[in-house]
Amino acid sequence: MNQKEFIQALALHEIHLSQEQVNQFDQYYHLLVEWNQKMNLTAITEEEEVYLKHFYDSLSLAFYVDITKESLKLMDVGAGAGFPSIPLKIAFPHLEVTIVDSLKKRIHFLETVKENLGLQHVQVFHGRAEDFGQDVNHRECYDFVTARAVARLEVLAEYCLPFAKVGGQFVAMKAAKADEEIQSAKPAIATLGGKFAEDIAFELPEEVGERHLLCIQKRKVTPKKYPRKAGLPQKKPIQSF
């Protein structure tokens, strides 16, 4: 998917990019390739692959989830090189984006992207989701929480649901069918104040493959004991108690 095809594909979903936004995606791509020579950000570096498998894939969330509300606060947990939050921010400038990632080098890259692209209302933090989930400045403050290819759903739920406000939503972006993950995560989701809503399945263009958006509604306040200390959600997921 070249840049022109990317623009046309988004327009089919009523996402119309200005020339400034097109330029921002171009800058983002070149920064990604430049920094990837110094550190491992992604195995995908060919321009057409980045536009399809990173940029378009990230924006696919907006095809099925309404993020057009003004002053919408989005938390991206474990964003890595900025996916999905930076493409979403470029396409939807009204979003207030917060990113938490545990690797300081990636944070430096994201700060550079933010400055070079002139992105406003973007906060980037170095740290563990488990620690930030206990911080009153972030806990239960966000309308949407996202995570893309970070961990299994029962682990992701403990990382992400504490950030979502009651009435908000957590959307896990997955590359493969996740029926087993959904079933095994339901005890954790319920414990954390969430309710599984739906698994939205779709195909990426050019036969790249199936994608899934696992949508979880935040129904109740998350108990104060969650998230637990760093490392515990991964070692001992809630459903295994």
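What you see is a predicted model, and the numbers here were worked out from it, not measured in a lab.

Enquirer: Honestly, a negative patch on the surface in this entry has me stumped. Any pointers?
Expert: On the surface, a cluster of negative charge is made up of Glu5, Glu46, Glu47, Glu48 and Glu206. Inspection of the secondary structure assignment puts Glu47 in helix H3 (residues 47-59). For Glu47, a relative accessible area of 33% translates into the label partly exposed.

Enquirer: I tried to follow helix H6 (residues 104-117) on my own but got confused; where do I start?
Expert: Within an α-helix, residues lying three or four positions from one another point in the same direction, as the helix has 3.6 residues per turn. Under the 1.5 Å per step criterion, the end-to-end length of H6 is 20 Å for 14 residues, consistent within 8% with the ideal 20 Å. Those residues of H6 that fall on the buried side of the exposure criterion are Ile107, Phe109, Leu110, Thr112, Val113 and Leu117. Just downstream of H6, Gly118 is the residue with a positive phi angle, here 65 degrees.

Enquirer: What is the right way to read the UniProt feature "binding site: S-adenosyl-L-methionine" (unreviewed entry) in the protein chain from this model?
Expert: Feature annotation in UniProt places "binding site: S-adenosyl-L-methionine" (unreviewed entry) on Gly78, Phe83, Ala129, Glu130 and Arg148, given in this structure's numbering. Mapped onto the secondary structure, Gly78 falls in the loop between strand E1 (73-77) and helix H5 (85-91). With sequence-adjacent residues up to four places away left out, Gly78 is seen in contact with Val100, Asp101 and Val150. Relative to the assigned elements, Glu130 resides in helix H7 (residues 129-132).

Enquirer: What's the story with the pairing of strand E2 (residues 96-101) in this structure? I'm lost.
Expert: Side chains on a regular strand alternate between the two faces of the sheet. The buried fraction of E2 is high, at 5 of 6 residues. Pairing between E1 and E2: 5 bridges, direction parallel. Within the sheet, the bridge partner assigned to Met75 lies in E2 and is Thr98. Since E1 and E2 lie parallel, the crossover through H5 that links them has a hand, and here it is right-handed. The sheet contact formed by E2 and strand E3 (residues 122-126) spans 5 bridges and is parallel. Note on E3: the bridge partner recorded for Val97 is Val122.

Quick notes on the rules
- Residues numbered from 1 in each chain as written.
- Predicted model: local features only at pLDDT ≥ 70, side-chain atom pairs only at ≥ 80, totals over all residues.
- Heavy atoms only, no water.
- Patch = residues over 30% accessible without salt bridge, like charges linked within 9 Å, V, L, I, M, F, W, Y side chains within 5 Å.
- Areas by Shrake-Rupley, 256 points an atom, 1.4 Å probe, with all protein chains shown as cover.
- Salt bridge = Lys/Arg side-chain N within 4 Å of Asp/Glu carboxyl O.
- Lys, Arg positive; Asp, Glu negative; His and termini not counted.
- Charge placed at Lys NZ, Arg CZ, Asp CG, Glu CD.
- Helix = DSSP H or I, 4+ residues; strand = E, 2+ residues; numbered from the N terminus.
- Buried < 20%, exposed > 50% of the residue type's maximum accessible area, 1.4 Å probe, protein only.
- Expected span 1.5 Å × (residues − 1).
- UniProt positions renumbered as here; feature names shortened; annotations may be inferred.
- Contact = heavy atoms within 4.5 Å.
- Pairing = 2+ DSSP bridges.
- Right-handed = clockwise from strand over helix to strand, strands pointing away.

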